[in-house]
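Each chain is listed here by its residues.
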Amino acid sequence: MDALKKLLLWAAGLIIVLIIIGIMFDLFDRTRETTDNAGKQIDDMNDKLAHAVYTRYTGDDISGSEVLSAISNFWDSQDIFVSVEINGSTTYYVYNDANLTTLLTDSEMASRLAEAKKPVSTKYINPRTVFLGTLVEGPNGGVIGIKYVAQ
């Protein structure tokens, strides 16, 4: 009889341990789902914050003076290219092209900005001209440039 009691107590203890383990696995699964969702929300917020730096320079009604300001600001940071299309002709600033392969030298950048500020130049960015500014994203979804098209 003593052996039977010990066996029953041992079995009951084993069942209780298995129930506790089951509860722990269930809690782990619920926590993992919550953590995954929170991680996705944090990633989304990071993407929005990363784009926020650039979105103030984009939209339907960007003035030429804002375009010039964007060119200067992004030349300082050298993070992205800026392209400006006027009458079908595109000029790149900060980088030599949309592939971010060649950073412009200080003298090249100064020369392009000087042309952009000369009213007689075909590359003149009139401060009162309205531009459409759009973000250009790379293959990984990060912003690699801003494209301006005179309207």
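The rules we used
Residues numbered from 1 in each chain as written. Predicted model: local features only at pLDDT ≥ 70, side-chain atom pairs only at ≥ 80, totals over all residues. Heavy atoms only, no water. Pairing = 2+ DSSP bridges. Helix = DSSP H or I, 4+ residues; strand = E, 2+ residues; numbered from the N terminus. Axes fitted to C-alpha atoms, helices over the stretch in contact; angles between N-to-C directions. Contact = heavy atoms within 4.5 Å. 1 Å grid on protein atoms, 1.4 Å probe; cavity = no way out; pocket = protein on both sides within 12 Å on 5 of 7 lines; lining within 4 Å. Points joined across faces, edges and corners; volume = space filled by probe spheres on them. Nonpolar A, V, L, I, M, F, W, Y, C, P; charged D, E, K, R; others polar.

Asker: If you had to explain the sheet that holds strand 5 (residues 143-150) to someone new, which residues and values would you point to?
Answerer: Here we have 5 strands laid out as an open sheet, ordered 1-4-5-2-3, and mixed in their pairing. Looking at the sheet topology across the chains shown, the edges are occupied by strand 1 (59-63) and strand 3 (89-93). The average undirected angle you get between the axes of adjacent strands in this sheet is 30°. Sheet analysis places strand 4 (residues 130-137) next to strand 5, joined by 7 bridges and oriented antiparallel. Along strand 5, the bridge assignment pairs Thr134 with Lys147. On the sheet, helix 1 (residues 2-55) packs against strand 4 and strand 5 and is oriented at approximately 150° with respect to strand 4. Together, strand 1, strand 2 (81-86), strand 3, strand 4 and strand 5 form the strand contacts of helix 2 (residues 64-77), whose direction differs from that of strand 1 by roughly 85°.

Asker: Pulling in residues and values, what's your account of empty space enclosed by the protein?
Answerer: Applying the stated criterion across every chain, the model contains 1 cavity of 30 Å³ or more. Roughly 50 Å³ of volume is contained in the largest cavity. Together, Val84, Ile86, Ser89, Thr91, Tyr93, Thr122 and Lys123 line the largest cavity. Here the lining of the largest cavity gets 3 residues from one element, more than from any other, and that element is strand 3. In terms of residue class, the lining of the largest cavity is made up of 3 nonpolar, 3 polar and 1 charged.

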